[in-house]
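As a plain string of letters, each chain reads:
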Amino acid sequence: CEFLIYYVVIFQCQWPEVKGRADMGEKETSASVLKAMILADTHLLGEIKGHWLDKLRREWQMERSFQTALWFLQPDIVFVLGDVFDEGKWSSPQAWADDVRRFRKMFSHPVSTELVVLVGNHDIGFHYEMTTYKVNRFEKIFNFTSGKLITRKGTNFVLVNSVAMEGDGCAVCRAAEAKLVALSHRLNCSQQPPGHSSKRCGDVEKLPASAPILLQHYPLYRKSDAKCSGEDTAPPEEKNTLFKEKYDVLSREASQKLMWWFRPRLVLSGHTHSACEVLHAGKIPEISVPSFSWRNRNNPSFVMGSITPTDFSLQKCFLPYESRVFALYWAAGALLGILLLAHFQLLTPPFYFAQRLISKHKAA
């Protein structure tokens, strides 16, 4: 059950087709489409709050889910949108090393698949807990910087440390914003039409002229999840709860900065543990990716994206429901109990019970 069920469930997931695929040759299509797997909020439990049984169960679930998805789907790249660890914000060096070791085991991957990990508030703390030491510790392990651009198959991805988008001029915040402004300048220069001359862009190393995809842990500003729909959105009693800026979502100001700097064609975020899709400025979609762990959801999932420099198509892949796995256990346990009782003749089969009743009736 705990092994085969992941193959049965994930086998039903297929990569979405990019719009306009019929207009492209098959060779050109396979070469230009980037297969990206996006997951969020793994929250590997730490030594302080993590019970050993809770760790064992949740980490087994995530490891089997991830390894099965890698084997079956074979993505080109995997993005983890922050909150990799549950206690990174206060873990000791020894506890941190143990958490990293477990993460590397669970999310091991072949060289053909690239793993890109973003930072979340549980990895380095909320803004008031964040320190240069914690940020550097995370960046050293995951080769992440608080404002990074990667380009794969002609598609530009901007990775944001959303915890550093506080806007109060802290040292980490200033450095992160400076990097983002520099990336914005480079991307804007790369998107200038051919023949367009600009002194400001004269010495800029050009990138593919593709509108970027923005990846971060916090969602951009929205009032609440009231307009979100789907089976994996927030519970009804939580949907109308107003979000707190700089805690549940980015501030209005930080959100406007990112939209103005990068003009992204897609935004991917985590943090809320629930799914939501919103449109910013009436045209830019943001997808909030639910948690990957049973600890945060009964129905965890990840997003599969087929991405080209000009288009993208997304599809959600659900993992096994924890409640259904427990139901299988109960059913199997009940069946085993009945078989054991029958084997030791402690449970009279219905046929023999009816036969005995008939015999007694005849005897009477």
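Residues numbered from 1 in each chain as written. Predicted model: local features only at pLDDT ≥ 70, side-chain atom pairs only at ≥ 80, totals over all residues. Heavy atoms only, no water.

The name given to the chain in an unreviewed UniProt entry is Metallophosphoesterase 1, with Buceros rhinoceros silvestris as the source organism. Per UniProt, the chain has the following entry under Function (unreviewed entry): "Metallophosphoesterase that catalyzes the removal of a side-chain ethanolamine-phosphate (EtNP) from the second mannose of the GPI-anchor protein intermediate. Participates in the glycan remodeling steps of GPI-anchor maturation to allow an efficient transport of GPI-anchor proteins from the endoplasmic reticulum to the Golgi." A UniProt comment under Cofactor (unreviewed entry) is attached to the chain, and it reads "Mn(2+)". (UniProt positions renumbered as here; feature names shortened; annotations may be inferred.)

Caption draft 1: The arrangement of the domain arrangement of the chain in detail. Here the chain is described as being made up of domain 1 (32-320) and domain 2 (329-356). Relative to domain 2, the C-alpha centre of domain 1 lies at a distance of 52 Å. (Domains from an automatic or database assignment.)

Caption draft 2: View of the nonpolar core. The biggest cluster of nonpolar side chains holds 80 residues, and the ones touching the most others in it are Phe79, Leu258 and Phe302. Ranked by residue count, the leading element in this core is helix α7 (residues 171-190), at six residues. If sequence neighbours within four positions are ignored, leucine 258 has contacts with Val160, Met165, Leu180, Leu214, Gln216, Leu220, Leu250, Arg263 and Pro264. With five residues, the next largest nonpolar core counts Tyr6, Val9, Trp294 and Val325 among its residues. (Core = buried A, V, L, I, M, F, W, Y, C linked by side-chain atoms within 4.5 Å. Buried < 20%, exposed > 50% of the residue type's maximum accessible area, 1.4 Å probe, protein only. Helix = DSSP H or I, 4+ residues; strand = E, 2+ residues; numbered from the N terminus. Contact = heavy atoms within 4.5 Å.)

Caption draft 3: Geometry of the pairing of strand β11 (residues 312-318). Judged from the seven bridges that link them, strand β10 (residues 301-307) and β11 form a sheet pairing that is antiparallel. Among the inter-strand pairings, serine 306 is bridged to a residue of β11, identified as serine 313. Linking two consecutive strands that pair antiparallel, namely β10 and β11, is a turn of four residues. (Pairing = 2+ DSSP bridges.)

Caption draft 4: Examining the layout of surface pockets more closely. If you add up the space inside the largest pocket, you get close to 440 Å³. Surrounding the largest pocket, 20 residues form its lining, Glu238, Phe243, Asp248, His271 and Thr272 being those nearest its centre. Classifying every residue of the lining of the largest pocket gives five nonpolar, nine polar and six charged. (1 Å grid on protein atoms, 1.4 Å probe; cavity = no way out; pocket = protein on both sides within 12 Å on 5 of 7 lines; lining within 4 Å. Points joined across faces, edges and corners; volume = space filled by probe spheres on them. Nonpolar A, V, L, I, M, F, W, Y, C, P; charged D, E, K, R; others polar.)

Caption draft 5: The arrangement of the sheet that holds β10 in detail. Read across the open sheet, the five strands follow the order β3-β2-β1-β10-β11; overall the sheet is mixed. Across the chains shown, the open sheet's two edge strands, defined by having one partner strand only, are β3 (114-117) and β11. Neighbour-to-neighbour, the strand axes of this sheet turn through a mean angle of 20 degrees, independent of strand direction. Sheet analysis places strand β1 (residues 34-39) next to strand β2 (residues 77-80), joined by four bridges and oriented parallel. For leucine 39, the partnering residue across the bridge sits in β2 and is valine 80. On the sheet, helix α3 (residues 52-73) packs against β1, β2 and β10 and is oriented at approximately 170 degrees with respect to β1. (Axes fitted to C-alpha atoms, helices over the stretch in contact; angles between N-to-C directions.)

Caption draft 6: How the structure looks around the packing of α7 against helix α9 (residues 252-262). Running from N to C, α7 and α9 cross one another at 30 degrees; their axes reach a closest spacing of 8 Å. In terms of orientation, α7 and α9 fall into the roughly parallel class. Side by side, α7 and α9 meet where Glu177, Leu180, Val181, Leu183, Ser184, Leu187 and Asn188 of the first sit next to Lys257, Leu258, Trp261 and Phe262 of the second. Within the contact of α7 with α9, the residues separate by chemical class into seven nonpolar, two polar and two charged. (Parallel < 35°, antiparallel > 145°, perpendicular 65-115°, else oblique.)

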